[in-house]
Amino acid sequence: MAHTIKPLVAGNWKMNGTTANLKEPRLLAGMLRDVKLKCDVMVCPPATLIRRVKAVMRGSKIKAGGQDCHAAVSGAHTGDISADMLKDAGATAVIVGHSERRTNHKETDAMVAAKALAAHKVGLTAIICIGETLDERKGGKTLEVLTSQIKGSIPAGCTAANTVVAYEPVWAIGTGLTPTVAEITEAHAHIRKELSGVMGAEGASTRILYGGSVKPTNAAELMAVANVNGALVGGASLKAVDFIGIIKAYI
Ligand code: PEP
């Protein structure tokens, strides 16, 4: 049941971060050292920093994740990174199907499902992103789009342990805009129902994150919505003081 799900607050640094930014996860780990958390916390830095982010957070329970992986195990894919490489660097999870990947790299649902499978094969949790565009919302197509993304992007073999779904309305990402509580309630209830269709009983305990302009000022309200089991945070995850303000929704 939803109330037994341990939430996850995951930070997606996107293409931000060099050595100078390592002070932030170090600070975050220090801030959380003596805090009894009711959620899991994860940082997804660029792949170049995963190992070093893990090193500066040593001794803390904060996990590290990747932002994308290739569907193949290895081979002639210049510039790409495999799930196994992320795992080798210290990641326990990988985001797949982020809307920026779907848009900038023309990733289809089938490609996202293949990436999620690749993650599962090496033991990484797949954080599978879905969400409607503004046109789709205005056209009354939100639930239909979510259904088709769920059916297309969630491969066989997904369980509550190896899969997290992130609902990220494309128009809310990086814009400062968020859906209303009623809109999030409707979307997450719909996702929960559809997950049971594709995942069976596992769908009831799979984490569904909300993502899109989550900030310290709106986190408590958004995280209290039914079937919201945590947050995927972009901009506000870059600074430890902001990220902790969101994590505090679960302290
Ligand atoms: C994201 O990119 O996953 C995201 C939610 O970004 P932001 O929090 O900046 O809207």
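All residue numbers here refer to positions counted from 1 along the written sequence of the relevant chain. Only residues with pLDDT of 70 or above have their local features reported here, since the model is predicted, and side-chain atom pairs are shown and tallied only from 80 upward, although totals for entire chains, interfaces and linings are computed over all residues. Side-chain metrics rest on all non-hydrogen atoms present in the structure, leaving aside hydrogens and water.

A closer look at the overall build of the protein chain
Step number 1: Within the protein chain one finds 10 helices and eight strands.
Step number 2: On C-alpha atoms alone, the protein chain measures out to a radius of gyration of 17 Å, which is about the 18 Å that the 2.2 N^0.38 rule sets for 251 residues.
Step number 3: Taken along its principal axes, the extent of the C-alpha atoms in the protein chain is 45 × 45 × 35 Å.
Step number 4: Throughout, a contact is declared for two residues whenever any of their heavy atoms are within 4.5 Å. Expressed as a percentage of contacts within the protein chain between residues at least 6 apart in sequence, the contacts between residues at least 24 apart total 73%.
Step number 5: Each accessible area value is a Shrake-Rupley result obtained with a 1.4 Å probe; residue values ignore everything except the protein chains displayed when judging cover. Taken as a whole, the protein chain presents about 11200 Å² of accessible surface, with 57% of it coming from carbon and sulfur.
Step number 6: Note that His is not counted, nor are the chain ends; the positive residues are Lys and Arg, and the negative ones are Asp and Glu. For charged residues, the charge sits on one atom: NZ in Lys, CZ in Arg, CG in Asp, CD in Glu. One way to put it: in the protein chain the 29 positive side-chain charges average out to a point 8 Å from where the 21 negative ones average out. Numbering of helices and strands runs from the N terminus; a helix is a DSSP stretch of H or I covering at least four residues, while a strand is a stretch of E covering at least two. Radius of gyration: over C-alpha atoms. The globule rule applied is 2.2 Å multiplied by the number of residues raised to the 0.38 power.

Thoughts on unusual backbone geometry
Step number 1: Here the phi dihedral of Lys 14 falls at roughly 55°; this positive angle occurs in a residue that is not glycine.
Step number 2: The residue Lys 14 is located in the loop between strand E1 (8–12) and helix H1 (23–32) in this model.
Step number 3: The backbone phi angle of Lys 106 is positive, close to 50°, even though this residue is not glycine.
Step number 4: Its place among the elements puts Lys 106 in the loop between helix H4 (99–104) and helix H5 (109–121).

Here we look at the sheet that holds strand E7 (residues 207–211)
Step number 1: At least two bridges found by DSSP between two strands are what make those strands a pair. With parallel pairing, eight strands are arranged side by side around a closed barrel as E1-E2-E3-E4-E5-E6-E7-E8. In this sheet, neighbouring strand axes are inclined to one another by 25° on average, regardless of whether the strands run parallel or antiparallel.
Step number 2: Judged from the four bridges that link them, strand E6 (residues 163–167) and E7 form a sheet pairing that is parallel. Residue Val 165 lies in a different strand from E7, and its bridge partner there is Ile 208.
Step number 3: In this description, a line fitted to the C-alpha atoms serves as the axis of each element, helices being fitted only across the stretch in contact, and the angle between N-to-C directions of two axes falls anywhere from 0 to 180 degrees. Contacts from helix H7 (residues 142–153) reach strand E5 (125–130) and E6, with the element oriented near 150° to E5.

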